[in-house]
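Chains, contacts and geometry: an overview
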Amino acid sequence: MIRLKVPLIPNENILNNLFDKNIFTVNDFLQKQSSDLQNICKLQCKEITKLKDILTIKCSSSINGYELYLNRSIPNFVQTGIHKLDNLLGGGLMSSNIYEFCGPSSCGKTQLNYSILLNIIMNTKRDIIYIDSRKKFSVNRIKQILKNKYHLTNQDIYGILKKLFVYSVSDIYCCITCLHSLKNKTEPIIFIDSLPAIYLSFVGFLKNDGLCYLNHICSVLKYLCKRNAIIVVTNLAVKNCSPITNNVNEEVHYNQCTNQLDFKPAIGKYWFHVPNTRLMFTTILKNKQQICIHISKSAYLSLNENCILQIDDCGVS
């Protein structure tokens, strides 16, 4: 705080009057009403206004565009360990972002989650949290990927599994409680598999109470993103029978991988704009061991770019 003194204030009498009214700093002076300052300083309104302008100019710290550029926050990417997917995402998963893996049932979403989280565990020390709402988290599949891809012993696999925090949630209330418990984590990477499993039970009733709980989840996810979290949400997709153009210029288009109309997220319009990036999954008809991934929504990536990944005993590559 800059203390008031004579070079800034016209004379000692005005300065003493200000001190008598507990106005000691420039900030105190600027926050005071002009009408009150008129009575204290015995000055006219235009003189008070001019004095405020002078104090603002003299006591403000200036910064230019070059300094802002030097102090800019540089996006922090975490590579997924899958070369084609990292290229599609422009380098990997960006901190403070929500990613949605959306596709029909049994198209490889969970398998991709397993591969990504294991690749991250092997290369970083960040906290990995896996929220399982379907109670289908497969330790055996995790072990299979680690043995076939990294050729680890059982003791090494045990050490890897200790770095993974798995939460099994049975309903949306447990999911909200779980997310709140992660607020103190520093830069966590969170996988939620899957959101429809705990939300769709509310659909079909005259009063859909699930929307308020979904809103709560979205708020907590946004809070976690402010703490540099990376969040991957698995969502079910249903067939989009009526092509619609959304207000974000995201048009339903013809999918070259499946020769069918695109799918759309099953949760509904409320969730539609929550993820920063949405990856749509489809299986290639002639080969169930391959999945086609394309970008249908993103704040920073080109839309409709795609890649094809292979699923085998070593995970997704």
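Up top is the structure.
Residue indices begin from 1 for each chain and proceed along its sequence in written order. For this predicted model, a pLDDT threshold of at least 70 governs which residues receive local features, and a threshold of 80 or more governs which side-chain atom pairs are given and counted, while totals over whole chains, interfaces and linings are taken from all residues. For side-chain calculations, the full set of non-hydrogen atoms in the structure is used, while hydrogens and water are omitted.

Details of the overall build of the protein
Each helix corresponds to a stretch of at least 4 residues labelled H or I by DSSP, and each strand to a stretch of at least 2 residues labelled E; elements are numbered beginning at the N terminus. Assigned secondary structure in the protein consists of 13 helices and 14 strands. Any residue under 20% of the maximum accessible area for its type is buried, any over 50% is exposed, and the rest in between are partly exposed; the area is computed with a 1.4 Å probe on protein chains only. Residues counted as buried form 43% of the 317 residues belonging to the protein. In what follows, residue pairs with any heavy atoms lying within 4.5 Å of each other are defined as contacts. In the protein, the share of contacts with a sequence separation of at least 24, taken over all contacts with a separation of at least 6, comes to 63%. The protein chains shown are the only cover counted for residues, whose accessible areas, like all others here, come from Shrake-Rupley with a 1.4 Å probe. A total of about 17,300 Å² of accessible surface is found on the protein, and carbon and sulfur atoms cover 50% of it.

Some points on helix H1 (residues 12-20)
Those residues of H1 that sit buried are Ile14, Leu15, Leu18 and Phe19. All buried residues of H1 lie within an arc of 140 degrees about the axis, which places them on one face of the element. Of the exposed residues in H1, those oriented more than 90 degrees away from the buried face are Asn13 and Asp20. In the core, the buried residues of H1 are packed alongside helix H2 (26-31) and helix H3 (34-41). Throughout this description, a polar contact denotes any pair of N or O atoms lying within 3.5 Å of each other; where both atoms belong to protein, one of them has to be capable of donating a hydrogen while the other can accept it, and for residues adjacent in sequence the pair is counted only when both atoms sit in side chains. With a side-chain oxygen lying 3.1 Å from the backbone nitrogen of Asn13, the N-terminal cap of H1 falls on Asn11. One or two residues past the end of H1 sits Asn22, with phi positive at roughly 60 degrees. Here, the arc refers to the directions that run from the helix axis to the C-beta atoms.

As for the environment of His180
When you line up the elements, His180 lands in helix H10 (residues 172-181). His180 sits 41 residues away from Leu221 along the chain, and the two C-alpha atoms are 9.3 Å apart. The residues touching His180, leaving out its near neighbours within four places in the chain, are His216 and Val220. Engagement of the side chain of His180 in a polar contact is seen with the side chain of His216, the distance being 2.8 Å.

Observations regarding the side chain of Ser115
Along the polypeptide, Ser115 turns up in helix H7 (residues 109-123). In this structure Ser115 comes out as buried when scored by relative accessible area, which is 3%. At 2.8 Å, the side chain of Ser115 forms a polar contact with the backbone nitrogen of Val316. Not counting residues up to four positions away in its chain, the partners in contact with Ser115 are Thr80, Ile82, Ile145, Gly315 and Val316.

Concerning unusual backbone geometry
Cis geometry marks the peptide bond from Asp193 to Ser194; its omega dihedral reads 0 degrees. By the element assignment, Ser194 lies in the loop between strand E6 (189-193) and helix H11 (196-199). Look at Ser106: it is not a glycine, yet its phi comes out positive at around 60 degrees. Here Ser106 lies in the loop between strand E3 (97-103) and H7. Residue classification places Ser106 among the exposed residues on the basis of a relative accessible area of 72%. Of note in this structure, Glu187 is not a glycine but carries a positive phi near 50 degrees. Locating Glu187 in the fold gives a position in the loop between H10 and E6.

Quick word on the packing of aromatic side chains
Only rings of Phe, Tyr and Trp enter the pairing, Trp through its six-membered ring, and a pair is recorded when the two centres are within 6.5 Å. The plane angle decides the type: under 30 degrees is stacked, over 60 is edge-to-face, the rest tilted. This model, assessed by the stated rule, comprises eight aromatic pairs. The interplanar angle of 85 degrees and the centroid separation of 5.6 Å between the aromatic rings of Tyr114 and Phe137 together place this pair among those described as edge-to-face. With Tyr114 in helix H7 and Phe137 in the loop between strand E4 (128-132) and helix H8 (139-150), the pair connects residues that are 23 residues apart, well separated along the chain. Here Tyr114 falls in the buried class, since its relative accessible area comes to 2%. Each member of the aromatic cluster is reached from another via a ring pair, and the members are Tyr114, Tyr130, Phe137 and Phe191. It is Arg278 that lies over the ring of Phe272; its NZ or CZ is 4.6 Å from the centre. Here, over-ring charges are defined by two tests on the NZ atom of lysine or the CZ atom of arginine: distance to the ring centre within 6 Å, and angle to the ring normal within 35 degrees.

Regarding the nonpolar core
By nonpolar core is meant a set of buried Ala, Val, Leu, Ile, Met, Phe, Trp, Tyr and Cys residues that side-chain atoms within 4.5 Å join together. Leu112, Ile116, Leu117 and Ile293 are the most contacted members of the largest nonpolar core, which totals 40 residues. Among the elements that line this core, the one with the most residues is H7, at seven residues. Among the nonpolar cores identified, the runner-up in size contains 29 residues, and Ile172, Cys175, Leu179 and Ala229 belong to it.

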